[in-house]
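# Architecture and fold: a report
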Amino acid sequence: MQESSPTLPSEPNRPVQAKERAVIIRTVGLEKSYGEGEATTYALRGVDSAIYRGEFISVMGPSGSGKSTYFNMIGGLDAATKGRILIDEVDVAQLSAVELAFLRCQKIGYIFQSYNLIRYMTALENVTVPMAFAGVAPEEARRRGMELLDLVGLKERWSHRPIEMSGGQQQRVAIARSLCNLPTILLADEPTANLDLNTGQEILDILQRINIERKVTIVCSTHDHRLLKLCDRIMWIRDGRVERVESAENIQVTVGAIGGLS
Amino acid sequence: MNRSERAKPKPIVAQDQVRLGLGRCLQLAVSGMSYRLFRSLVTTATLALASAFLVHMLGFGLLEQETFSKAYQQTKTSRKTGQQLSRFSQVDTDKAILTALQTKDSTFCTEARRFSAAGPADFDAALATAHRLAVASKYFDELPTAPKAVIVGDRNSEELFVHLANAPDFDNMAEHVKQFSLRAPLDDLSRFRTLVMQERPALMNLVAQIRVGHARAIEQLGAELRRGLGKTLDDALLTESADRLVGPMQQVGFTVTEPRIAELAQAARRAHDQKGLEHWLNHPSVASAIARRYDIEINSVNFDKLATNATSVKDAVWFLSLTQEAGATEFLPAEKIAQILKQYRHERKLVKLAGDKTPDDEQAWFGLSPRNQWLVILSFLVCMVGVANAMLMSVTERFTEIATMKCLGAMDRFVMQMFVLEALIQGAVGGLVGLVLGLLLSVLRAFVEFGTLANLATGAAGAVGLAMLVALLCTMLLAALSAVGPSYVAARLSPMEAMRVE
């Protein structure tokens, strides 16, 4: 059953406890515009949304729909021109630069389409960088780093630089990096876009495992239809507004078309 | 919705945010550089050049200054030695005595007190008079042309004072001073009158006494040496050791010490040897042989030319044989002759270098002339522009990296620290390389300009070391300053802005 109002949350597709229905990210009347006066372009025209703790939600929409803009905002990477973003009920706009850095370091993990690894560092060093910012001792950081690399299956490649790794391996290092400070939220911006089918599948498997085992909220912005079955909810964005939010179990996926209801 | 969560927002404790340790910063900065080797090489090379330039200017300036000052000192010392030596056999002229009194030469004054047998009060009064005379002379020297022509005419200062000692002439002069509305000599005409009429004659009396006393001392010294050692002064200086001479000399009133006599004796011996050689140069057969061998005019054969051309021991041996052929009975060994010639050349070089220049007393910034100061400042500014440009490029092409860092939780401060630290390292490395280069350059240039005289400058080693340290610090500062601007701007960007720039 399709949701008619974008504000009403739909049921996640797994049995959850009451606590898990807490809202971890909320946007209220979110707007983003560029330019002024006549030449103003609106990327987002008033988005109200709520993302629950512990769920796996995909944000989908055509290019230019404001999907990426919305995505960046909820990660605290960009500032809104109007409206509020509340992460754990704390208004992001009120945070100082130090608090924002703390947020990005310890509460939110980021995964980018282009991996964004630091080219002159080895895989292990890349993974341990956020831990250095969090004040973790070097030995402890290294130990945790190796653990995480093991989690994503790259234990033998810890001393390799990004240039020596394939796309999929780089993305896996990025995932390991994003987890190192035990964040509660993971933001993945088109994680499988630059990868082939098999590698992409591996990545998605890892993401799902993280979501289930570690109870990390994952917000994924994507075009990939495989996510439709993997995630709990899907948010469709079009023309700077949320078109609809629906739960994944209500969707049937047939290759070649994304159907509504059977 | 969990009520308690809503009421109590999760605290974000800012104090938990960490300052990145210097070691970690350093580590990150260094790893960045090794990846970016080419671009950082260019920056480092620019910095090395700036540093080398600065070190060279400072270092060479210091070396040059030191060489000049040492050369000047040495020529002054040898000139003084010559003067002192002559005093044992020659009386000073009145003029020389007067000048020595005016400059209050301490050695001279001690001797003069003894020679003149004047009381200390009288002597001090005479010194004061001499000083006032000098001031008055200066006054008359500095008169404007018109009054000077009338008052002084073409008399020298001695003649002038003698002339003014006559009362009518003095009054004449006073008239002229008033006419031309000049200030009075010594600013007090009556004072000047006393000086000219009474004090000066007294002074000249004293001078005469000194002269007489000096002459007597010379005579006495000669007699004493003849009695005690059976030699004249010249012979005694050449052959006797200093301790046998110091007694007689001090007895007659000269102010000397044993080591000083030893130095003077050495100088006397050198002069004597040189004279001996010169004597043979006048011999026709010797002169013509030299003219032939060195292809010079026979009339211009002199000691200087000989020293210029006869540079090796073999030449000395040949010269020795010439003198033997010409009938010399006693001769110096050839090595000694070569040494004398070498010494002469060395002193000639010193004199040529020091000339009549007195060393500048003002240190003026590590020995840099104002023009050179400007040069250095400008060159550093130019380098700063170049390095800043390189830093800007380095920062711009790393925007994605900065954005990533900020996504991972780096604070603005850290990003800036990273870049400035990287710049400092480049400054240090470049500076060190430039230091070595610059030092080599300045030493080389010193040797090229001064030849072996450059060895005189070893005393400046400490100052040069300090200059090098200063240059290194300046280079590092230059690099860091160039990096501050671009990195500050980059650090303030939000991650999205930074990524959008791509």
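Predicted, not measured: the structure shown is a model, and the values here were computed from it. (Residues numbered from 1 in each chain as written. Chains lettered and ligands numbered in written order. Predicted model: local features only at pLDDT ≥ 70, side-chain atom pairs only at ≥ 80, totals over all residues. Heavy atoms only, no water.)

Take the overall build of chain B next. A tally of helices and strands in chain B yields 23 helices and zero strands. Counting every position in chain B, which comprises 502 residues, the buried fraction comes to 41%. In chain B, the proportion of contacts linking residues at least 24 apart, taken out of those at least 6 apart, comes to 77%. With the model as given, the accessible surface of chain B reaches about 27,200 Å², and the carbon-plus-sulfur share is 58%. (Helix = DSSP H or I, 4+ residues; strand = E, 2+ residues; numbered from the N terminus. Buried < 20%, exposed > 50% of the residue type's maximum accessible area, 1.4 Å probe, protein only. Contact = heavy atoms within 4.5 Å. Areas by Shrake-Rupley, 256 points an atom, 1.4 Å probe, with all protein chains shown as cover.)

Residue placement: Val 385 of chain B occurs in helix α19 (residues 370-396). Val 385 of chain B sits 97 residues away from Ser 482 of chain B along the chain, and the two C-alpha atoms are 7.6 Å apart.

Now for the nonpolar core. Residues Phe 133, Val 173, Ile 175, Leu 207 and Ile 234 of chain A together with Met 405 and Phe 414 of chain B are the most contacted members of the largest nonpolar core, which totals 67 residues. Apart from residues no more than four positions distant in its own chain, Ile 175 of chain A is found in contact with Ile 111, Val 152, Ile 203, Ile 206, Leu 207 and Ile 210 of chain A. Counting 53 residues, the second-largest nonpolar core is a separate cluster that includes Leu 206, Leu 233, Val 246 and Val 252 of chain B. (Core = buried A, V, L, I, M, F, W, Y, C linked by side-chain atoms within 4.5 Å.)

Turning our eyes to something else, we now look at the sheet that holds strand β7 (residues 185-189) of chain A. All names here are of chain A. Strand order in the open sheet made by the six strands is β6-β7-β8-β3-β9-β10, with mixed pairing throughout. Two strands bound the open sheet, and with one partner strand each, they are β6 (108-111) and β10 (241-247). On average, each strand axis in the sheet is tilted by 15° relative to the strand beside it, whichever way the strands run. Sheet analysis places β7 next to strand β8 (residues 217-221), joined by five bridges and oriented parallel. Counterpart to Ile 185 in the pairing with β8 is Thr 217. (Pairing = 2+ DSSP bridges. Axes fitted to C-alpha atoms, helices over the stretch in contact; angles between N-to-C directions.)

For any pair of aromatic rings, geometry is given as the distance between the ring centres together with the angle between the planes. All names here are of chain B. Going through the model one piece at a time under the given rule, you end up with 12 aromatic pairs over all chains. Between the aromatic rings of Phe 303 and Tyr 344, the centroid separation amounts to 5.0 Å while the plane-to-plane angle is 90°, which identifies the pairing as edge-to-face. Here Phe 303, found in helix α15 (residues 303-309), pairs with Tyr 344, found in helix α17 (residues 334-354); they are 41 residues apart in sequence, far enough to count as distant. An aromatic cluster is built from Tyr 139, Phe 140, Phe 161, Phe 170 and Phe 192, whose rings are joined through pairwise contacts. Stacked on the ring of Trp 318, the Lys or Arg Arg 293 has its end atom at 4.4 Å from the ring centre. (Phe/Tyr/Trp six-rings, centres within 6.5 Å; stacked < 30°, edge-to-face > 60°. Lys NZ or Arg CZ within 6 Å of the ring centre and 35° of its normal.)

A few words now on helix α8 (residues 157-164) of chain B. Residue and element names in this part refer to chain B. Of all the residues in α8, the buried ones are Leu 160, Phe 161 and Leu 164. Down the axis of α8, the sector holding all buried residues measures 95°, keeping them to one side. Among the structural elements, α6 (120-141), α7 (145-151), α9 (167-179) and α10 (189-228) are those in contact with the buried residues of α8. The N-capping residue of α8, defined by a side-chain oxygen 3.1 Å from the backbone nitrogen of Glu 158, is Asn 156. (Arc of directions from axis to C-beta. Polar contact = N/O pair within 3.5 Å; in protein donor to acceptor, adjacent residues only side chain to side chain.)

On to the confidence of the model for chain A, then. Model confidence for chain A is summarised by a mean pLDDT of 83, while 88% of its residues fall at 70 or above. Overall, residues 1-13 of chain A carries pLDDT values under 50, and its contacts beyond four positions in sequence, including any with other chains, amount to 25 contacts. (pLDDT = per-residue confidence, 0-100.)

Attention now goes to helix α14 (residues 284-294) of chain B. Residues and elements named next belong to chain B. For α14, the set of buried residues is Val 286, Ala 287, Ala 289, Ile 290, Ala 291 and Tyr 294. Packed against the buried residues of α14 are α13 (258-281), α15 and α16 (313-325). Looking one or two places after α14, you find Asp 295, whose phi comes out positive at around 60°.

What follows covers the pattern of salt bridges. The tally for this structure, following the rule as stated, stands at 34 salt bridges over all chains. Across the salt bridge formed by Glu 140 of chain A and Arg 144 of chain A, the nearest N and O atoms sit 3.6 Å from each other. In this pair, Glu 140 of chain A and Arg 144 of chain A both sit in helix α4 (residues 138-151), four residues apart, roughly one turn of the helix. Overall, Glu 140 of chain A belongs to the partly exposed group, its relative accessible area being 31%. Residue Lys 70 of chain B is joined to Glu 66 of chain B by a salt bridge in which the shortest nitrogen-to-oxygen separation is 3.0 Å. Separated by four residues within a single helix, Lys 70 of chain B and Glu 66 of chain B lie in helix α3 (residues 37-86), roughly one turn from each other. Using a relative accessible area of 25% as the deciding quantity, one classes Lys 70 of chain B as partly exposed. Salt bridges sharing partners connect three or more residues here, namely Glu 140, Arg 143, Arg 144 and Glu 147 of chain A. (Salt bridge = Lys/Arg side-chain N within 4 Å of Asp/Glu carboxyl O.)

A few words on the environment of Ala 291 of chain B. One can find Ala 291 of chain B in helix α14. Residue contacts for Ala 291 of chain B: discarding those within four places in its chain leaves Ile 296, Glu 297, Ile 298 and Val 301 of chain B.

Residue position: Asp 273 of chain B is located in helix α13. Each residue touching Asp 273 of chain B, except ones within four places of it in the same chain, is listed here: Leu 332, Lys 336 and Ile 340 of chain B.

All names here are of chain A. The sheet built from four strands is open, its strands ordered β2-β1-β4-β5 with antiparallel pairing. Where the open sheet ends on each side, the last strands, each with one partner, are β2 (41-52) and β5 (90-91). Where helix α1 (residues 67-74) meets the sheet, its contacts fall on β1 (23-34), β2 and β4 (82-87), and the angle it forms with β1 comes to roughly 125°.

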